[in-house]
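So you can see what is in the structure, the chains are spelled out below.
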Amino acid sequence: MTKSPVILARDVVKTYQVNAQTITALRGVSLSFAAGEYLAITGPSGSGKSTLLQLLGGLDLPTSGHLELMGTPIERLSDAQLADLRLRRVGFIFQRFHLMPVLSARENIELPLAEAGVRPAERTARALDLLAYVGLTARADHRATQLSGGEMQRVAIARALANRPALILADEPTGELDARTGAQILDLFDRLHADGTTLVVVTHDEHLAERAARRVHLLDGLVDRDEIARR
Amino acid sequence: MTWALVIRSLFRHPVRTALVVLGIAVAAALLLDMVMLSGGMERSFSRMLLSRGFQIRLSPRGTLPFDTEATIPGITPLLGRLHQDPDIAAAGPVVAASLHARVRDSLVTFVGYGIDPSSQGLYEVRSGDNLSSTDTTGLLISTPVAERTGWTIGDSVTLLGRLDPQSARAGIERTLVVRGVVRWLYDARGQRSLGANFRVVQRLGPFPDRDVASMVMIKVKTDLAVDRVAARIRSQHPGVEVNSVATLVRQFRARLVYFHQLSLILATISLVVGVLLVGTILTIAVNERAGEFAVLRAIGLRRARIVGLVMAEGAVLTAVGSVLGTGLGLVTARFLDRILTSFPGLPAAISFFVPAPDTTALAAIVILVAGVSAAAYPAYLAARAPIAQTLRADAE
Amino acid sequence: MPALIAAALLAAALQSSPLPGVAVERRLAERFHVAVGDSLALTPRAESPTRWYRIEAIYQPRPDPATALRGEYQVRFHLPEIAGLLSAGDRVDRVAVATRTGIAADSAAFRLNQLAFGYQAYPSATIASESSQTFAVVSRFHRAIGLIAIMASAIFLLCIMLLKVEERRLDAAVMRMIGIGRLTIFKAFVLEVTFVAAIGSALGVGLAWAAGTITNLVYQRRFETALVFSYLTSDIILLGVGLSLGLGILVGAFAAARLVRTRPLALWRRAG
């Protein structure tokens, strides 16, 4: 039996207007991948990696082409449906962590759970479980601003996992971290993959890309290479 | 969770938040004062006029009560007809005249009220006894009279009437006994007024035609019948001016139109200041936190939720500001009232700023609605910002 | 003598016998469409008989704040005519007395009060002070309200100036990083807020002038008077401009000093 793709992109084009200039970030990207895959998107700066990731996560809509998330064409979704999709089916991890600075580590994880309507006791228990999963139980009540870079990124990973999403999208997750801390995050990603999470990671980091089972290399807004790693 | 995010966000810039709250508090205080001023005078005037339950005043044609020295002629037959009206519970005539007395070698002038003690709406007894309807030798004095003259209850005093200004000689003298100390409801602060039976003051006063009154106060059996009774008296007695408390309040309002307009203008300015403060500060805060709002949307918060977060910040700022402003407004209202009630000749019972729960609630609700509305634009900005583009800009 | 109220007012054809003359104020003439030469029936009370007069002049009374809001109309008579109309006999309300040069009004009034009963003499200054009590109260009220309004606007100004400087965190960080001295940055920011405060003050003066003009137009029309309700004096302009400029620069300087004291990297992070 063939698994239905988590993501299906056909001839996806994305252009931006910057001042009076039109910039084409993606020129017709086609790719698909299935549940449980660990995919790294690589490429030089300006190749369209982050733009592709944002389209895959429903943060933006393609200018043309067709994009399906878990079998649903995203161009047909309303803004509220897209928000719901991001809340329940997709988890985001950003290069600069983007935690809410006024909330504690636990509260940051509880935020998407609260939005999804999970009861307070249940969401606290879930947040503590996830903090334990990323090894930060002791830092549960520390404000985001009191955590180190690596700790912040681990909280961000826990937040992305809060509503048990079908897909985790990470944009340069080790970009702001030193080599040792970055390695810890990569180990965590391996664990996530081993636990069955579908992972798409945009990265410059060769170590990270090498750990992914499949690598898509973008160049000038087009898929240059799409290769399965040999282990 | 939402409220934790809202409250803690406001505490990120404590100085800024404190200044905004203080600004809203001052604006809310001014708004409350102006709301009190706009309705307070009428409320206080109406309360004063109705304090003894008399809803209608008759005065000489073309005048307001005690506005001039004019009198209503033929008062006895007029009272007789009023007493026959089945809707009228009481009709109390009042005649006012300048009366004098010699106090320690000096001539002191008083406002003398002639009243019918059985149906009067002019005073409240503070100490001693009220007069009876048949008491033609009794006198009621006020505290300022007692202070000026040293008269006490039981003293016999000689009042002079119809004083000739050229010779300072009285046309009539009458010795009366002080029966009680009263508070004259319509007197200005410090005004020296005394009262005696209606017929006594009629005789002491400078009235060529004795059967006159300066005013008649009428108590109608039910409030619902007031307009009907006023209309009936108007048609039956075209020679007198008939005013219900409602029409007197309207005339009072017309005379003090300036304060109404001032209160309206200042209330509008205070609202504008409040709206500008909340709107400006939240717009700047939203621009500063554009990346955070984009992240919140990226992790699945709907636009409506973002709007709610920003508007809740506006609501918290305004709510705290309006609570402080209510306290500040009540304090400043007392201060402002003290200034305005020093108007010469104003009845002591009149207040310009009358605190009342409905007025306070109205001012608080108006400033709260204005503050929350002021947050609408920054909330719109926060919710409408494109996620991907904002995140990209934030990362650069 | 009680105030005379024109209770019945008619324009009619000239009477055959010569009528006593009166002067009526412009508002009255316009309101009842009467002109010089018309005759008027006047009565002190509704129930009293009327007397006929001929309008000999129409005049513009001097603006008087004490009467402007009452909406009453003025008619001027020769003294015997009004005394006759009111059956007042040989009486007057008041007599104006001019003293010879060099004689103080206070001492003249004192001497007059010693001479006889039946009147009380006051120096004009005392009457002016007594009769302006109402306006003194209104003036005190305006000052108190003005104080509250100044407080509200000062806080608003503080917020804006604080934010104006704070939004320049990134610029301050960059300038510090490329080696520009603290004092130079401080001066630049203070100059900037001074400029903003000066423009704001000028706009404020313009706005106050416009509001005053509108207020005067509205109230002069409403009360049919030439009274000036709103004066924008140089003192008021000085106070307003001084306060906004002074407060603006002070707060701007405070915020700028705080900004330049902060380490550039901290500024950079906070700006990001």
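Throughout what follows, the structure given in this document is the object of discussion. By convention here, each chain's residues receive numbers from 1 onward along its written sequence. Going through the entries in the order they are written, you letter the chains from A and number the ligands from 1. Note on the predicted model: pLDDT of at least 70 is required for a residue's local features to be given, and 80 or more for side-chain atom pairs to be given and counted; whole-chain, interface and lining totals, by contrast, use all residues. For side-chain calculations, the full set of non-hydrogen atoms in the structure is used, while hydrogens and water are omitted.

1. Considering the overall build of chain B
Only runs of H or I of at least four residues qualify as helices and only runs of E of at least two qualify as strands under DSSP, and these elements are numbered from the N terminus. Of the regular secondary structure elements, chain B holds 13 helices and 10 strands. It is over C-alpha atoms that the radius of gyration is taken, and the globule rule equals 2.2 Å times the number of residues to the power 0.38. Over its C-alpha trace chain B gives a radius of gyration of 31 Å, far above what one expects of a compact globule, namely 21 Å for 396 residues. Buried, partly exposed and exposed residues are distinguished by accessible area as a fraction of the type maximum, computed with a 1.4 Å probe on protein chains only: under 20%, between the cut-offs, and over 50%, respectively. For chain B, the proportion of its 396 residues judged to be buried stands at 54%. What makes two residues a contact is simply this: any of their non-hydrogen atoms within 4.5 Å. Put simply, 79% of the contacts in chain B that link residues at least 6 apart link residues at least 24 apart. As used throughout, the charge tally considers Lys and Arg to be positive and Asp and Glu to be negative, leaving His and the chain termini uncounted. For charged residues, the charge sits on one atom: NZ in Lys, CZ in Arg, CG in Asp, CD in Glu. Computed over 40 positive and 28 negative side-chain charges, the separation of the two mean positions in chain B equals 5 Å.

2. Here's the deal with the sheet that holds strand β1 (residues 5-18) of chain A
Residue and element names in this part refer to chain A. Two strands qualify as a pair provided DSSP detects at least 2 bridges between them. Reading across from one edge, β2-β1-β4-β5 is the order of the 4 strands in this open sheet, with antiparallel pairing throughout. Every interior strand has two partners, whereas the edge strands, β2 (21-34) and β5 (72-73), have only one. Across 5 bridges, β1 lies against strand β4 (residues 64-69) in antiparallel orientation. Across the sheet, the residue bridging to L8 is E68, located in β4.

3. Quick look at the environment of R143 of chain A
Locating R143 of chain A in the fold gives a position in the loop between α4 (120-133) and α5 (149-161). Relative accessible area serves as the criterion here: at 35%, R143 of chain A is assigned to the partly exposed category. When the C-alpha atoms of R143 of chain A and V29 of chain A are compared, they prove to be 40 Å apart, with 114 residues separating the residues in sequence. What R143 of chain A contacts, discounting residues up to four positions off in sequence, is P101, V102, L103 and S104 of chain A together with R8 of chain B. By the criterion applied in these results, polar contacts are pairs of N or O atoms within 3.5 Å in which, for protein atoms, one can donate a hydrogen and the other can accept it, and in which residues neighboring in sequence qualify only through two side-chain atoms. Here V102 of chain A takes part through its backbone oxygen, which lies 3.0 Å from a polar atom of the side chain of R143 of chain A.

4. Structural notes on the sheet that holds strand β8 (residues 198-202) of chain A
All names here are of chain A. Read across the sheet, 6 strands follow the order β6-β7-β8-β3-β9-β10 without closing on themselves; strand pairing throughout is mixed. In the strand order of this sheet, the two ends are held by β6 (90-93) and β10 (222-228), each with one partner. With direction set aside, neighbouring strand axes in the sheet form an average angle of 15 degrees. When strand β3 (residues 38-42) meets strand β9 (residues 214-219), the two strands line up parallel, connected through 4 bridges. Simply put, an axis is a line fit to the C-alpha atoms, just over the touching stretch for a helix, and the angle between two N-to-C directions goes from 0 to 180 degrees.

5. Regarding the interface of chain C and chain B
The interface of chain C with chain B comprises 31 residues on the first partner and 41 residues on the second. Together, the buried faces of chain C and chain B total about 3200 Å²; carbon and sulfur atoms form 77% of this surface. Salt bridge, as used here, is a side-chain nitrogen of Lys or Arg placed within 4 Å of a carboxyl oxygen of Asp or Glu. Put simply, chain C and chain B have 1 salt bridge between them. The salt bridge involving R169 of chain C is made with E288 of chain B; its shortest N-O contact spans 3.8 Å. In this assembly, chain C and chain B are joined by 2 residue pairs in polar contact (both at pLDDT 80 or more). For any pair of parts, buried area is found by adding up, for both, the accessible area (1.4 Å probe) each one loses once the two are put together.

6. Points about the pairing of β9 of chain A
Regular strands place their side chains on alternate faces of the sheet. All names here are of chain A. Summarising the sheet, β9 and β10 pair through 6 bridges and their orientation is antiparallel. In the strand pairing of β10, H217 is matched with R225. Linkage of β9 to β10, two consecutive antiparallel strands, is achieved through a turn of 2 residues, within which D220 is found at a positive phi near 50 degrees.

7. Points about the packing of helix α8 (residues 257-288) of chain B against helix α10 (residues 303-340) of chain B
Residues and elements named next belong to chain B. In the contact formed by α8 and α10, the axes pass within 12 Å of each other and the chain directions differ by 150 degrees. By the angle between their axes, α8 is roughly antiparallel relative to α10. Note on packing geometry: the crossing formed by α8 with α10 is right-handed. Along its contact with α8, which presents F259, V278, L282 and V286, the element α10 presents V310, E313, G314, L317, T318 and L340. In this classification, Asp, Glu, Lys and Arg are treated as charged, Ala, Val, Leu, Ile, Met, Phe, Trp, Tyr, Cys and Pro as nonpolar, and every other residue, Gly included, as polar. Tallied by class, the residues present in the contact of α8 with α10 amount to 7 nonpolar, 2 polar and 1 charged. By definition in this entry, angles of less than 35 degrees are roughly parallel, angles greater than 145 are roughly antiparallel, angles of 65 to 115 are roughly perpendicular, and the rest are oblique. In this scheme the crossing of two helices becomes right-handed for a clockwise turn of the near helix relative to the far one and left-handed for an anticlockwise turn of less than a right angle.

8. Regarding the pairing of β1 of chain A
All names here are of chain A. Direction of pairing for β1 relative to β2: antiparallel, over a ladder of 11 bridges. By the bridge assignment, I7 is partnered in β2 with F33. Counting the residues between successive antiparallel strands, the hairpin from β1 to β2 contains 2 residues, one of them, N19, with a positive phi of roughly 55 degrees.

9. Here's the deal with the interface of chain B and chain A
It is common to give the size of an interface as the accessible area lost on bringing the parts into contact. In this assembly, 22 residues from chain B lie in contact with 29 residues from chain A. Each partner contributes to the roughly 2500 Å² buried at the junction of chain B and chain A, and carbon and sulfur atoms together form 61% of this total. At the surface where chain B touches chain A, the tally comes to 4 salt bridges. Between R8 of chain B and E107 of chain A there is a salt bridge, and its shortest N-O distance comes to 2.5 Å. Taken together, the elements giving at least two residues each to the side of chain B that touches chain A come down to α1 (2-10), α9 (290-298), α10 and α13 (387-395) of chain B. Among the elements that line the side of chain B that touches chain A, the one with the most residues is α13 of chain B, at 6 residues. By residue class, the composition of the side of chain B that touches chain A is 11 nonpolar, 2 polar and 9 charged.

10. Brief notes about the nonpolar core
Nine residue types can take part in a nonpolar core, namely buried Ala, Val, Leu, Ile, Met, Phe, Trp, Tyr and Cys, and a core is a set of them joined through side-chain atoms within 4.5 Å. Formed by 144 residues in total, the largest nonpolar core has its most connected members in L122, F259, L296 and F352 of chain B together with F141 of chain C. The greatest single-element share of this core, amounting to 18 residues, is contributed by helix α2 (residues 14-49) of chain B. Every residue in contact with L296 of chain B, bar those within four places of it in the chain, is listed here: M100 and L111 of chain A together with L5, L301, I306 and L309 of chain B. With 45 residues, the next largest nonpolar core counts L159, L176, L194 and V242 of chain B among its residues.

11. As for a nonpolar patch on the surface
All names here are of chain C. Patches here: salt-bridge-free residues with over 30% relative accessible area, like charges joined within 9 Å, nonpolar side chains (Val, Leu, Ile, Met, Phe, Trp, Tyr) joined within 5 Å. All accessible-area figures derive from a Shrake-Rupley calculation using a 1.4 Å probe, and residue coverage is judged against the displayed protein chains alone. On the surface, a cluster of nonpolar side chains totalling about 510 Å² of accessible area is made up of L170, V174, M177, I178, I180 and L265. Top contributing element to the nonpolar patch by residue count: helix α7 (residues 169-177), with 3 residues. Classification of L265 as partly exposed rests on a relative accessible area of 49%.

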